[in-house]
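Structure at a glance
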Amino acid sequence: MAEAFALAASVIGVLGFTLQLWTETAEIRKSGSTIDTADCARNAADLQKLCDQVKSLQDAQSDLAEAVRIKQIAAEIRAVAEELAVRLAKCELPADQKGLRRYRDVISVLWHGMRMDADSQMRRLSALRDELQSELLVSMSKKLDLGALRQTSWFEALGIDVKQHTDAILQEQQRIRRAIDDREVSAERRHEEVLQRLDHPPVCSPGSSGYSNTEARKKHRIRELCDRLWFDAIPRRHHAIDVAHHKTFEWIFTGQKKTNASNTTFLEWMDSGQGLYWVSGRAGTGKSSLMKFLEDDPRTEPTFKEWAGKRKLVLATFYFWNSEAANDDRLKSLSGLYRGMLYSLINQEAGFAELMFPNHFIDGRSWEKNFPTVPDMDEAFERLANAKEPPAAVGLIIDGLDEYDASNAEQMAMAENLRRASHSPNLKILVSSRPEDAFETIFRDTAKLRLHELTEQDRQTYTSDKLEAVPRFSTIATEAEQGRLIDLIVERSEGIFLWVKLAVETVSQEIDLSMNTARLEKVVQEIPSGNKELSRLFDHILRNRIPAKHRLLGYGLIQTMQLSYTLPDRMIPWVEGPGYKHQITTVLLSFFKDDVESALGVPIGPLDVTEASSRAELGCNLIRKACCGLLETRDQSEPHRERGIQYSQLDPPVHYIHKDLALYLSQEDTTLYLRKSFSGAKYSVQANLLKCFVIMMKFHHLESEQGLMAGQVWDIWRFAECSMRIARDAEVFDPESTVKLLDELDRVMIHLHSIGLVPALSAWSQEYSGHLMDYVLENFLDPTDGTHWSAFFPIDTHFRSDLNYRDKSGEPEHTNFIAFTVEQGLVKYCQSKIAGIGRQAITKPGRPLLSSACGNPRVWWHIRGSIRHETVDILLQYDADPNEAYSGMTCWQTALCTTHSYIAQDVESFRELEKVLRLMLQAGADPHANLEWTTRERTSKRNWTNIKHVQSAIEVIENTFIHHTPELPWPYASMCLPKDVPDPITLDENRREIARLGVGLLDLLKEKQIAAPRRKRIVRRKIKRSNTGDSIVTMKGISRWRELVSRRTRVWSVRFRARFQSKPTK
């Protein structure tokens, strides 16, 4: 083991010698002293000797993992040092050369022609030395007994110099380890004191009740662990599942049948000691409804308690959800499963925390920032499964294993992990999934239930109840005919409950047009049977069952739903604001058929309950008649635990009937069919949705007064942001309507701002709660300050200070709506308004429009289209000045700042940025302008220092386009960028394309620099005109210049003599 330390010691010796040589030569340059060639020769010999030591130690073998990296560093350093030794040996210069000339010649021999420039080479060597000393040696010292290392024969065989150097490093590592141990002890002691002050109650007298210090710390850590495991979307799928129809699924408790595939009843499995129970079924058979039924039914817990016996029982549930409506990728991930299960267990029984995470409950142990990771939680689940005496018996209910978004191998690994854990006598695991290969393979020997084989009576009950609720059904059909139709529906469903639901919806609409059941039976026969894929069923309803007179309306509603599911990916990431709220509701859809002029005429004011109910009913009728069951409303009567999200019972949200409908609609042939259906029709789904958003903003109201439908505090900002995102697409397809609707949006927001109904940013950082309404209402924008509402568009408070949202004078960036739309990238709207107003729109107070057009906040960049070269082009056509300054930065420098830290998702974004920079240069931007910025670095625990950075335009463009090394966003913003979007610039062809764009920009920039050379810093002669028009040269400027030159000449001469004064030689 000593060989690795010896090699590291020799490498550090070479590094130290080389760096010292460079430091001395740098001092020579400053002081002007001479170099003795004899010293160069001695240094060359010493350096070559050190290199020989490194070479002799490089071939030694070591079991340490760090030895590989040390050998790599040694090879790199030895190459540099040997080259430098050869150059030192060549420094035999004439002895008659003195002073600067001698220094210049020696340095030329030493450093000229090296593979890297001298400064870069030395920085590289310094970095390697730091890596050796602060990482590799420290890591090795933790694995070895440094005292025993000195007693090894390998150490004794080392040379004297190497042994002394190695021994010095070993002593230093021991000293560092002792210092670290002392600091850890002090940190533990301080941590205990803090915990005692925070969590421990006042000291109690003997015999009185109260927590000990250990119990207080444990309670604090359990609470922190629960906070780290929890995420808002955990209960989301449970709320989205429809409650099972009355009297369905009762058989699972009263009389479940057994078949070849359904080999064990649920109650039989519960009576057994252990094992896993698999509920299997094709898509749409009602698996999730059954799992929700079991979780909510009061008979489930007593059944599990009978199995648990005298042990305490804890039930935990998790529902996978791979759908656009989920709006959280963790619901389809292994991490989400672990978080949901472990949170539920620890929240109900705190003893599970120390059982599953024992190492994190040892006093003095600190938790990593990203704890718990998936490996951490995997180990925790393994400990739970292997525990002999856990704090309680555990029942797990997990729905939708097939919706785990992973490869077949990863799905099999998860299933195997659950199956193996179910062998524990303390675990009962109930899972559901489609019968896919991964689960058929792993669960082939487990107790199982094939759901589509057991729901015949449930389907018959549902069909009968729904058709009998239609008033005219009993009029056109006898009891025998009714029974025959019901049996036909159940038979053709092939166990698919979703098929029954859609078929009943279709038949219910046909009843009003039929005189007998013959027509109804024909309609049922035309629907593809349930043994086909769900896509066949969806296709039949979309193409054949939606009435021709409602077809465009139905397709428009379906496309509106598609568009709404893409909105979360376009939103600004409000990390600490409320979660995203699905905006498509029944009241909103009730305005779907209104034209733009009708929407503009809707008065601003709250909606009363009567009209809201009527509107909601109208929206339900629209989706029922025009969508034939493909869309449905969701009951939101259950309380949501999500962050700041509530729906009014008068206005429920609308969603797809099944997640597979989204997959069907995304197919290429379906997309083409819907597109052709609208060909020739003057219809834009984007403009129509924008119209509905603007109308809903008019109804914004907060206080729950009697007879009025109240919304949430943040609904107005949600609608405003969604409108901005939709308007980008709407102005392409229907620019005229988009301009009118955006003007109306501005008018609505101005009105709401004037009456104090627009929430201020100071309220965003508060956690939403109904009890905080009084606080929120006190933090609304002051309607009397004269500031435009768009100046307070909700950027997260952590980004606000970084963006310098207001300049030093306190004037807001957005003084009108045009400035806001420029920043949002709305080209057509800006063009229309600027063309109507003229150049007066460009010369507004506050931030220039051109600056807003090319310098959006970095947190918005993952939203495609936030920077539009068309907007820049329009502004430049109206004589916008690229060199106009705002808050100490010109518009051109703002564009460079954007380039400096540009984070793009695709090549097209780089093309857009390249066009912006090219337009600015062609319009007269200063090609010599530099980008300056300041960063803060910590110098000690409490002190910070400001570091100023300067880059030329050429360096900025090279780093972003050619080297692909833009400045990374600050850590908080990086949390908000998409995690699952592939990085396209890693592809070679894209890199070449982006580099080509950068080379073209650099050519143009250098051309502009040559055409407009940098101005020299001189005092020009001042010229004034006489009354006769003749030029008169004043000598005031010339006098000042002469005086300045004279003063500086005197200073330089003094410094020159002091610096280059000859010194006596030794």
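What you see is a predicted model; the values in this text were computed from it and never measured. (Residues numbered from 1 in each chain as written. Predicted model: local features only at pLDDT ≥ 70, side-chain atom pairs only at ≥ 80, totals over all residues. Heavy atoms only, no water.)

1. A closer look at the overall build of the protein
Regarding its fold elements, the protein presents 46 helices and 13 strands. Burial statistics for the protein: of 1066 residues in total, 50% are counted as buried. Long-range contacts, defined as pairs at least 24 residues apart, comprise 78% of the intrachain contacts of the protein with a sequence gap of at least 6. Roughly 52,400 Å² of accessible area belongs to the protein as shown, and the carbon and sulfur atoms make up 49% of that amount. (Helix = DSSP H or I, 4+ residues; strand = E, 2+ residues; numbered from the N terminus. Buried < 20%, exposed > 50% of the residue type's maximum accessible area, 1.4 Å probe, protein only. Contact = heavy atoms within 4.5 Å. Areas by Shrake-Rupley, 256 points an atom, 1.4 Å probe, with all protein chains shown as cover.)

2. Points about unusual backbone geometry
Residues F371 and P372 are joined by a peptide bond in cis, for which omega reads 0°. With respect to the helices, strands and loops of the structure, P372 is situated in the loop between α16 (351–356) and α17 (374–386). Backbone geometry places C628, a non-glycine residue, at a positive phi of 50°. Structurally, C628 is set in the loop between α29 (609–627) and β6 (631–633). In this structure, S887 is a non-glycine residue whose phi angle is positive, near 55°.

3. Re the sheet that holds strand β4 (residues 427–433)
Strands pair in a sheet through their backbones, by hydrogen bonds, and they do so in one of two ways: parallel or antiparallel. An order of β2-β3-β4-β1-β5 is seen for the five strands of this open sheet, with the pairing classed as parallel. The sheet is open, and its two edges are formed by β2 (313–319) and β5 (447–450), each paired on a single side. Each strand axis lies, on average, 10° off the axis of its neighbour in the sheet, ignoring direction. As paired strands, strand β3 (residues 393–399) and β4 are joined by five bridges and run parallel to one another. Bridge pairing links G395 to K428 in β4. Here helix α13 (residues 287–296) sits on the sheet in contact with β1 (276–280), β2, β3 and β4, set at roughly 150° to β4. Contacts between helix α15 (residues 334–348) and the sheet are confined to β2 and β3, with β2 contributing the most and set at about 155° to the helix. (Pairing = 2+ DSSP bridges. Axes fitted to C-alpha atoms, helices over the stretch in contact; angles between N-to-C directions.)

4. Observations concerning the environment of V394
With respect to the helices, strands and loops of the structure, V394 is situated in strand β3. Each C-alpha atom of the pair V394 and L345 lies 8.1 Å from the other, and the pair is 49 residues apart in sequence. In this structure V394 touches W307, V314, L345, F352, L384, N426, L427 and K428, once residues within four positions along its chain are discounted.

5. Concerning the pattern of salt bridges
In total, this model carries 36 salt bridges according to the counting rule given. Salt-bridge contacts for E301 lead to K305; the nearest nitrogen and oxygen are separated by 3.7 Å. You can see E301 and its partner K305 sitting in helix α14 (residues 300–308), four residues apart, about one turn around the helix. Since its relative accessible area comes to 40%, E301 is described here as partly exposed. You can call K305 partly exposed: its relative accessible area is 45%. (Salt bridge = Lys/Arg side-chain N within 4 Å of Asp/Glu carboxyl O.)

6. So, the packing of aromatic side chains
In the structure shown here, the tally under the stated rule is 29 aromatic pairs. For the pair F249 and F293, a centre-to-centre distance of 5.8 Å together with 50° between the ring planes defines the contact as tilted. Highlighted residues: F249 in the loop between α10 (236–240) and α11 (251–254) and F293 in helix α13, separated in sequence by 44 residues. On the accessibility criterion, F249 (3% relative accessible area) is buried. The interplanar angle of 70° and the centroid separation of 5.7 Å between the aromatic rings of F910 and F961 together place this pair among those described as edge-to-face. Here F910, found in helix α42 (residues 907–922), pairs with F961, found in helix α43 (residues 953–962); they are 51 residues apart in sequence, far enough to count as distant. A relative accessible area of 3% means that F910 is categorised as buried. It is K428 that lies over the ring of W269; its NZ or CZ is 4.4 Å from the centre. Between the NZ or CZ atom of R543 and the centre of the ring of Y673, over which it lies, the distance is 4.3 Å. (Phe/Tyr/Trp six-rings, centres within 6.5 Å; stacked < 30°, edge-to-face > 60°. Lys NZ or Arg CZ within 6 Å of the ring centre and 35° of its normal.)

7. Points about the confidence of the model for the protein
Per-residue pLDDT for the protein has a mean of 75; in total, 64% of the residues score no lower than 70. pLDDT under 50 marks residues 98–104. Its contacts with residues more than four places away, or in other chains, come to 17 contacts. Below pLDDT 50 for its whole length, residues 197–211 participates in 14 contacts with residues either more than four positions away or in separate chains. (pLDDT = per-residue confidence, 0-100.)

8. Regarding α29
A rise of 1.5 Å per residue sets the reference length of α29, with its 19 residues, at 27 Å; its end C-alpha atoms lie 26 Å apart and thus fit the reference within 8%. Those residues of α29 lying buried are A612, R615, A616, G619, L622, I623, A626 and C627. Projected onto a plane normal to the axis of α29, the buried residues spread over an arc of 120° and lie on a single side. Within α29, the exposed residues directed more than 90 degrees away from the buried face are T610 and E617. Looking at the buried residues of α29, the elements they touch are α25 (534–545), α26 (551–566), α27 (586–589), β6 and β7 (654–656). Where α29 starts, the residue carrying a side-chain oxygen 3.1 Å from the main-chain nitrogen of T610 turns out to be D608. (Expected span 1.5 Å × (residues − 1). Arc of directions from axis to C-beta. Polar contact = N/O pair within 3.5 Å; in protein donor to acceptor, adjacent residues only side chain to side chain.)

9. Some remarks on the nonpolar core
Side chains of a nonpolar character, in soluble globular proteins, are inclined to be buried together. Counting 153 residues, the largest nonpolar core has I346 and L557 as its most contacted members. With nine residues, the single largest contributor to this core is helix α23 (residues 497–511). Ignoring sequence-local partners within four residues, the contact set of I346 consists of I222, L225, C226, L229, F352, A353, M356 and F357. (Core = buried A, V, L, I, M, F, W, Y, C linked by side-chain atoms within 4.5 Å.)

10. Digging into the packing of α23 against α25
Geometry of a packed helix pair, given as the angle between the helix axes and the separation of the axes. Remark: α23 packs on α25, axes separated minimally by 11 Å, with the N-to-C direction vectors making an angle of 15°. When the interaxial angle is binned, α23 and α25 end up roughly parallel. In the crossing of α23 with α25, the sense of the turn from one axis to the other is left-handed. Where α23 abuts α25, its residues L498, W499, L502, T506 and E510 lie against L534, L537, F538, I541 and R545. Here the contact of α23 with α25 is composed, by residue class, of seven nonpolar, one polar and two charged. (Parallel < 35°, antiparallel > 145°, perpendicular 65-115°, else oblique. Left-handed = near helix turned anticlockwise from the far one by under 90°. Nonpolar A, V, L, I, M, F, W, Y, C, P; charged D, E, K, R; others polar.)

11. Quick word on the pairing of β5
Here β5 shows no split at all, with A447 and L449 on one side and K448 and R450 on the other all buried. Here four bridges tie β1 to β5, and the two strands are oriented parallel to one another. Across the sheet, residue S280 finds its bridge partner in β5, namely R450.

12. A closer look at the packing of helix α32 (residues 685–698) against helix α33 (residues 715–733)
Orientation of α32 relative to α33, taken along the N-to-C sense of each, is 155°, at an axis distance of 8 Å. With respect to each other, α32 and α33 are oriented roughly antiparallel. Here α32 and α33 pass one another in a crossing that is left-handed. Taken together, the residues of α33 that come into contact with α32 (itself represented by Q686, A687, L689, L690, F693, M696 and M697) are I716, F719, A720, C722, S723, I726, A727, D729, A730 and F733. Looking at the contact of α32 with α33 residue by residue, the class counts come to 14 nonpolar, two polar and one charged.

13. Thoughts on α43
Taken together, the buried positions of α43 are A953, I954, V956, I957, T960 and F961. Each buried residue of α43 lies within a common arc of 160° when the element is viewed along its axis, so the set occupies one face. In the segment just after α43, H964 is the residue with positive phi, at about 55°.

14. Some points on a positive patch on the surface
A contiguous patch of positive charge, built from K549, K593, R624 and K625, is present on the exposed surface. In this fold, K625 is placed in helix α29. (Patch = residues over 30% accessible without salt bridge, like charges linked within 9 Å, V, L, I, M, F, W, Y side chains within 5 Å. Lys, Arg positive; Asp, Glu negative; His and termini not counted. Charge placed at Lys NZ, Arg CZ, Asp CG, Glu CD.)

15. As for the environment of I834
Its location among the elements puts I834 in helix α38 (residues 827–837). Residue classification places I834 among the buried residues on the basis of a relative accessible area of 1%. Sequence separation between I834 and I818 is 16 residues, and the spatial gap between their C-alpha atoms is 8.4 Å. Here I834 is in contact with A841, I842, I874, L875 and Y878, once residues within four sequence places are set aside.

16. Section: the side chain of K448
Summarising the element assignment, K448 is placed in strand β5. For K448, which is buried and forms no salt bridge, the nearest opposite charge comes from E440, at a distance of 5.3 Å. A polar contact is formed between the side chain of K448 and the backbone oxygen of R444, at a distance of 2.9 Å. Those residues in contact with K448 that sit more than four places away from it in its chain are A261, S262, N263, T264, Y277, W278 and F443.

17. With respect to the environment of D399
Along the chain, the position of D399 falls in strand β3. Placed 81 residues apart in sequence, D399 and F318 show a C-alpha to C-alpha distance of 6.4 Å.

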